[in-house]
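A structural walkthrough
Read off the chains here:
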Amino acid sequence: HLKSPPFIRPAVAFTTVGTFSTAVIADSSTPRSYFVSKLLYTVPPDTVLYVDGTVSALLAARYASKDFAGVKNQINISMRFVMVLAFPCAVGLGVLAKPIFTLLFSSQPETIDLATTMMWAGAIAVIFYAMSTLSNGLLQGINRLIVPVINAIIAIVAHVILLVVLMLVFKYLFSRCLPSGLYI
């Protein structure tokens, strides 16, 4: 019997990173920079969908023929290939965030620092998003359809807990820093 692949609950990590990058811009009055940064760090992992579609069919065929060594090998090769794409994208988006946003928002120089900070926070999400997308497809390919559902439930619970904690912490911090007449 084949055990589940050793994935580290990528949906939980991606949701946590997504919550952090959303919290970074919660007080922003420039939503355009948010949408551009979100678009830029979700485009590279979308290429994983093409890899996922190709690999899932091959993986299902190997799993159906009980070639478990081939299944494990295909999972390892797929994950390595996707990480070879995702890591340079994440590093590039993080390192080149300031030049990218200087080019995109040259008419709005006040938004460049905010957009750069959001891109730095979101660059790590490229890796987790790619891993999550691929692992969901691979798990479907080996007939483990319930595992992504369980991961999604864990991710939602972690997201809600982190969001409540961040709201309470930041409300406490802001209430100490702001004059008493201001409420958040």
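Quick notes on the rules
- Residues numbered from 1 in each chain as written.
- Predicted model: local features only at pLDDT ≥ 70, side-chain atom pairs only at ≥ 80, totals over all residues.
- Heavy atoms only, no water.
- Helix = DSSP H or I, 4+ residues; strand = E, 2+ residues; numbered from the N terminus.
- Buried < 20%, exposed > 50% of the residue type's maximum accessible area, 1.4 Å probe, protein only.
- Patch = residues over 30% accessible without salt bridge, like charges linked within 9 Å, V, L, I, M, F, W, Y side chains within 5 Å.
- Areas by Shrake-Rupley, 256 points an atom, 1.4 Å probe, with all protein chains shown as cover.
- Salt bridge = Lys/Arg side-chain N within 4 Å of Asp/Glu carboxyl O.
- Axes fitted to C-alpha atoms, helices over the stretch in contact; angles between N-to-C directions.
- Contact = heavy atoms within 4.5 Å.
- Parallel < 35°, antiparallel > 145°, perpendicular 65-115°, else oblique.
- Left-handed = near helix turned anticlockwise from the far one by under 90°.
- pLDDT = per-residue confidence, 0-100.
- Core = buried A, V, L, I, M, F, W, Y, C linked by side-chain atoms within 4.5 Å.
- Polar contact = N/O pair within 3.5 Å; in protein donor to acceptor, adjacent residues only side chain to side chain.
- Expected span 1.5 Å × (residues − 1).

Moving on to the overall build of the protein. For the protein, the count of helices and strands is seven helices and zero strands. In the protein, the succession of helices and strands from N to C terminus is α-α-α-α-α-α-α. Put simply, the protein has 184 residues, and 38% of those count as buried.

Further remarks concern a nonpolar patch on the surface. A cluster of nonpolar side chains, namely Ile 146, Val 149, Ile 150, Ile 153, Ile 154, Val 157, Ile 161, Val 165, Val 169 and Phe 170, defines an oily patch on the protein surface of about 830 Å² accessible area. Within the secondary structure, Val 169 sits in helix H7 (residues 146–177). Residue classification places Val 169 among the partly exposed positions, given a relative accessible area of 39%.

Moving on: the packing of helix H4 (residues 68–95) against helix H5 (residues 97–104). Remark: H4 packs on H5, axes separated minimally by 4 Å, with the N-to-C direction vectors making an angle of 60 degrees. Contacts between H4 and H5 involve Gly 92, Leu 93, Gly 94 and Val 95 from the former and Ala 97, Pro 99 and Ile 100 from the latter.

A few words now on the packing of H4 against helix H6 (residues 112–141). Contact geometry for H4 and H6: axes closest at 9 Å, N-to-C directions at 165 degrees. It follows that H4 is roughly antiparallel to H6 by the angle criterion. The crossing of H4 and H6 is right-handed. Counted together, Ile 75, Ser 78, Met 79, Val 82, Met 83, Ala 86, Phe 87, Cys 89, Ala 90, Leu 93 and Gly 94 of H4 and Met 119, Trp 120, Ala 123, Val 126, Ile 127, Ala 130, Met 131, Leu 134 and Leu 138 of H6 form the full contact between these two elements.

For the rest of this paragraph, the subject is unusual backbone geometry. In this structure, Lys 66 takes a positive phi of about 60 degrees despite not being glycine. Within the secondary structure, Lys 66 sits in the loop between helix H3 (48–64) and H4. The exposure class of Lys 66 is exposed, given its relative accessible area of 61%. One non-glycine residue, Asn 143, lies in the positive phi region at around 65 degrees. Along the polypeptide, Asn 143 turns up in the loop between H6 and H7. On the basis of relative accessible area, Asn 143 is assigned to the exposed category, the value being 57%.

This part takes up the confidence of the model for the protein. When pLDDT is averaged along the protein, the result is 75; 70% of the residues meet or exceed 70. Confidence drops under a pLDDT of 50 for residues 1–31, and excluding neighbours within four residues, the segment shows 61 contacts in the predicted structure.

Residues Leu 59, Val 82, Met 83, Ala 130, Leu 134 and Leu 138 are the most contacted members of the largest nonpolar core, which totals 27 residues. Counting residues per element, this core draws most heavily on H6, at 10 residues.

Right, let's get into the side chain of Ser 56. Counting through the fold element by element, Ser 56 comes out in helix H3. Reaching out from Ser 56, the side chain makes a polar contact with the backbone oxygen of Asp 52 at a distance of 2.8 Å. Filtering out sequence-adjacent residues up to four positions away, Ser 56 remains in contact with Gly 137, Leu 138 and Gly 141.

Given a rise of 1.5 Å per residue, 28 residues ought to cover 40 Å, and the 40 Å separating the end C-alpha atoms of H4 matches this to within 8%. Every buried residue of H4 is accounted for by Gly 70, Val 71, Gln 74, Ile 75, Ser 78, Met 79, Val 82, Met 83, Ala 86, Ala 90, Leu 93 and Gly 94.

For H6, built from 30 residues, the straight-helix expectation of 44 Å at 1.5 Å per residue is met to within 8% by its first-to-last C-alpha distance of 42 Å. The buried fraction of H6 is high, at 22 of 30 residues.

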